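Observations on the three-dimensional arrangement
Each chain, letter by letter, is given below.
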Amino acid sequence: MKWCFSALFCLALLAADRWTVDDILLQEQAGSMELSRDGRMAVFTKSRIDKEKGESVSHLWLKRFDEAESIQLTRGQDSATSPKFSPSGRLIAFLSSRRPAGAGTQPAGGAQGTGEPAGQQIWLMDTSGGEPWQLTRFERGVRAFDWISDDQIAAAAPEDPSLYDQRIREAKDTSRVVDDEEHEPPVRLFRVAVKGGRAERITTNRDRITSVDVSPDGQWALTVHNRSLAEIYNQKIKPATFLTRLSTGESVELFTGQKLYPRSFHWKPDSKSFYFTAPYTTHPYLFNASITKLYHFPMSMAEPLAAAAKAKPVEVPLDWENALAASPAITPDGFVALLANGARNRVARYYESGNSWRREWVDEPDVHQVLAAADGSRIVYVRSNASTPPVFMAARLAGNRFEEPKPFVETNENFRKKTIAKTEVIRWKGALNDEIEGILYYPHHYEPGKKYPLVVMIHGGPHGHDADAFRESWAYPHQLYAQRGAFILKPNYHGSSNYGLKFGESISGGKYNDLEWIDVEKGVDHLIAKGLVDPEKLGVMGWSNGSIISIELSVRTTRYKAVGAGAGDVNWTSDWGNAVFGDAFEQYYLGKTPMDDPDFYVKKSPLFKMDRVTSPTIIFFGTEDRQVPTEQGWQHYRALQHYGKAPVRFILFPGEAHSLRKYVHQKRKVEEELAWFDRYLFGTASAGSPSLKPGSPLDALDRLRKAGEIPETVDRGSIAVGRFEVTRAQFRAFDPSYSVPAGTEMLPATSVSFEKAQQYCEWLSKKTGRKYRLGTEEELSSLLTRSRNENTLDYWAGYAVNFDDAARLKEFVDQAGAGALLRPVGSFAGSGDDPLFDLGGNAAEWVVGKDGKGKVLGGSADQPADQKAPVTSRPDYIGFRVVLEK
């Protein structure tokens, strides 16, 4: 059977150029990278969907800089996240909810063997190899951690259940009190011994620690504390930052009264100071849109510790209006920063001298993340653009240069074999005549001068942005639409991040959705004016805020032939009370509550304009979505259903929150949306039947019936190959003298000479204006083999016919009559996801040999499926299929 596997392998190679839904969903994602302090190795995670588990699983990988291959450290269906090296680099700590070996169904954790669900615990493993082992057993798991020393870890964990909690549990009471501050367990800081796992409480705070960052010397811990369960809803009670001396447990709150709420901390290698990032906004207390500034805090300001309470950190003068795009990479003499610059960040190196900094630009394109070794000698960064999948690069940091860059960690090598859409960053004048930037994806196999459909894919947020980076996902599968011959436009509308504070705040205070839809419309007009886009073939889609803008467009214009709306709002009054961040979002972007001005909320809500919608709309929601509550989808659906002016379809995903996690739901979303756009935008969807299985022989006959005189082709790399052998009916359209007895129209055209087959291709080219020809030996030899599962002599004989038996059966074949063993094309199962039929049987086929002469390849009904025998098919069992040049 080796020949069979070989043929399938070769077929897969030719089909590899086409994108499938699974290519998008099952791709690997590398992240959470950390470098060891000695700069000799890196630990990181690789995440991808586990089809058996049905959702994404993350595993740890180790890569040494002096070795070519990465080593996988964890396996199985339990994720491992947040890896961190011990100071010496001997151990790696990580979080996981896996069960210890031999624990059966007992969850990891369960203090004193209670068996209660424990969430994630800290696990350890040796970088030299071996199995990981569980370190902590906090009854409610661990929220965050960092190394103190090789012997100790600082862990933020909730306190064990109180009497109140125990009584609730014993009563099996699943009721929930909203924002129950009184009974919410505090999350405190604990010191955990690496040997034995004994935990010792360091802090006695009543609030909840959400992050822990320990100084390299193990003396200090920076912690952020959530002080209100309603903080995400209204942002009124802000988190607090504490500095704790680990040797005594003495703590002091930092930045009181300074409107500084750190997002990330970055200790200097010598522990004498730390940097931190924090958002900045002009709003008195809401941070929905902001820029990210960088600050520096010398530890001399914490001498004595009480002095730190009033200390004011130094704002680092980045000399860049848009501020930071991501966390900096700290070096002994300063840091390397990514500066926000719209779709394409700029890289700069800053040198620290006291309380001043000097900037030098780094001339390195397509950088999206930076990490530096503790001694500043090595830099690791992500290189990517919208047409180039991401690669972690490693280089020597020499001044303001990344020298000798080499690929360090690569994923999704199969993407290299695929057609990837050409992309460019484009600009146009949007609302208020401001410049708007976006990413434009070109159709696969784009031909200048032709007009193509356009699908606008709008990012969420609104305070997010689309970077010039490769990002394929279930929410935005660009390549699947570019493969269908469409342009894709991704606009960074007013309110997007990375363009400065003024741009981000431009839609706040009641101006929400006044400017964004105009930006999109003007971007579409710009592409139409350039002659790239067919104005009659426009579609729009988005998730979250991208869906909100898509919905807004659907009530303002009828020119979009298809709308994909995933988790989008239509009614701001109900959103204010039901969304997890309702008050903060509406107060920031609408400027008031619905109680303050109910008429304004009605005016802003698309729900009350649904009588204008004629665009076919497909709606998606998770049933547990609290960011954009599920009832928004119901209201959208019911309103469109009520007016009946637009086709509408509503799909709910049980158990899903705002972002889909389950593989089956992600796949359903992508396939449903593709089918919707195929039907209403591309016009390629057939009515079909739910009982007709794709790829089945019956489906093949249906395809053939619809193909008519023009053979259907299937993309295979740079060419398209005939799905079927040319039929007698198709050949008779070229040569009316060709005899086609009644009932044989769908049999392959045989007894056709090589020259006649070439003449047919020339005739077809003139008829269609496209270039058809016979395939070459190089192109088709791996496809045209012989298969015992297709129409060969083996099928007719009922067994695997060997060389000698074939000779004995010849007289029976001859007596059957000319072409008597042929069957209608597509009668046997096809090969590949987008199948080709009769590659291994029915009629052998003419190809252009390496010498330019005709050559016959493949199996036929009169010959056995014996790969060792030459092709000796009779003329009445020799036909051909066409190849179409793209």
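Details of the sheet that holds strand β8 (residues 133-134)
- An order of β5-β6-β7-β8 is seen for the four strands of this open sheet, with the pairing classed as antiparallel. On the outer flanks of this sheet lie β5 (80-85) and β8, each paired with one strand and no other.
- Taken together, the two bridges between strand β7 (residues 121-126) and β8 define a ladder with antiparallel strand orientation. Across the sheet, L124 pairs through a bridge with W133, a residue of β8.

Some words on the packing of aromatic side chains
- Enumeration over the complete set of coordinates arrives at 51 aromatic pairs.
- Centre to centre, the rings of F274 and F297 are 5.0 Å apart; their planes meet at 15°, and the pair counts as stacked. Within this pair, whereas F274 is found in strand β18 (residues 273-280), its partner F297 is found in strand β19 (residues 291-298), the two being separated by 23 residues in sequence.
- Cluster of aromatic residues (ring-pair linked, three or more members): F255, F265, W267, F274, F276, Y295 and F297.

With respect to unusual backbone geometry
- Omega for the peptide link from E303 to P304 comes to -5°, which places this bond in the cis form.
- Tracing the sequence through the fold places P304 in the loop between β19 and β20 (314-315).
- At the junction of G461 and P462, the peptide bond is cis and its omega measures out at 5° in the coordinates.
- Relative to the helices and strands, P462 resides in the loop between β31 (452-458) and α5 (478-482).
- Although it is not a glycine, S271 adopts a positive phi angle of roughly 65°.
- Look at S271 and you get buried, because its relative accessible area is 5%.
- Phi angles above zero are rare outside glycine, and D319 is one such case at about 55°.
- One can find D319 in the loop between β20 and β21 (329-331).
- The exposure class of D319 is exposed, given its relative accessible area of 61%.

A word on the environment of R612
- One can find R612 in the loop between α11 (598-604) and β35 (617-622).
- Taking C-alpha positions, R612 is 9.3 Å from A646, a pair spaced 34 residues apart along the chain.
- Not counting residues within four places of it along the chain, the set of residues in contact with R612 comprises S554, V555 and T558.

Description of the pairing of strand β1 (residues 29-35)
- Pairing geometry for β1 and strand β2 (residues 41-50), over five bridges, is antiparallel. From the neighbouring strand, G31 faces β2, where its bridge partner is T45.
- Linking β1 to β2, which pair antiparallel, is a turn of five residues; within it G39 sits at a positive phi near 70°.

Overview of the pattern of salt bridges
- All chains considered together, the criterion is met by 54 salt bridges.
- Residue D23 pairs with K418 through a salt bridge whose shortest N-O separation is 2.9 Å. Of this pair, D23 sits in helix α2 (residues 21-25) while K418 sits in the loop between β28 (401-410) and β29 (423-429), placing them 395 residues apart in sequence.
- Take D23: its relative accessible area is 15%, and that puts it in the buried class.
- When its relative accessible area of 10% is taken as the criterion, K418 is described as buried.
- Through salt bridges with shared partners, a single ionic network connects K810, D814, R874 and D876.

Structural notes on the side chain of E505
- One can find E505 in helix α6 (residues 501-505).
- An unpaired buried charge is present at E505: no salt bridge exists, and K259, the closest side chain of opposite charge, is 7.6 Å distant.
- Not counting chain neighbours up to four residues away, the residues in contact with E505 comprise T281, T282, H283, A289 and Y588.

Considerations on the sheet that holds strand β23 (residues 346-353)
- The four strands are arranged β21-β22-β23-β24 in an open sheet whose pairing can be described as antiparallel. Of all the strands in the sheet, the pair left with one neighbour each is β21 and β24 (356-362). Each adjacent strand pair in this sheet contributes to an overall mean axis angle of 25°, direction not counted.

What to know about the pairing of strand β25 (residues 367-372)
- For β25, the buried fraction is high: five of the six residues fall into the buried class.
- Sheet topology places β25 next to strand β26 (residues 378-385); five bridges connect them, and they run antiparallel. Bridging from a neighbouring strand, V370 pairs with Y381 of β26.
- Linking β25 back to β26 in an antiparallel pair, the connection comprises five residues, with G376 at a positive phi of about 75°.

Thoughts on the confidence of the model for the protein chain
- When pLDDT is averaged along the protein chain, the result is 93; 95% of the residues meet or exceed 70.
- A low-confidence stretch, residues 110-117 (pLDDT under 50), is modelled with 15 contacts involving residues beyond four sequence positions or located in other chains.

Concerning helix α19 (residues 803-816)
- Its 14 residues give α19 an end-to-end C-alpha distance of 20 Å, which sits within 8% of 20 Å, the value for a rise of 1.5 Å per residue.
- Maximum bend of α19: about 40°, positioned at L809.
- For α19, the complete set of buried residues consists of A806, L809 and V813.
- Where the residues of α19 are buried, they touch α18 (793-797).

Conventions we followed
- Residues numbered from 1 in each chain as written.
- Predicted model: local features only at pLDDT ≥ 70, side-chain atom pairs only at ≥ 80, totals over all residues.
- Heavy atoms only, no water.
- Pairing = 2+ DSSP bridges.
- Helix = DSSP H or I, 4+ residues; strand = E, 2+ residues; numbered from the N terminus.
- Phe/Tyr/Trp six-rings, centres within 6.5 Å; stacked < 30°, edge-to-face > 60°.
- Buried < 20%, exposed > 50% of the residue type's maximum accessible area, 1.4 Å probe, protein only.
- Contact = heavy atoms within 4.5 Å.
- Salt bridge = Lys/Arg side-chain N within 4 Å of Asp/Glu carboxyl O.
- Lys, Arg positive; Asp, Glu negative; His and termini not counted.
- Axes fitted to C-alpha atoms, helices over the stretch in contact; angles between N-to-C directions.
- pLDDT = per-residue confidence, 0-100.
- Expected span 1.5 Å × (residues − 1).
- Bend = angle between axes of the 7 residues up to and from the residue.

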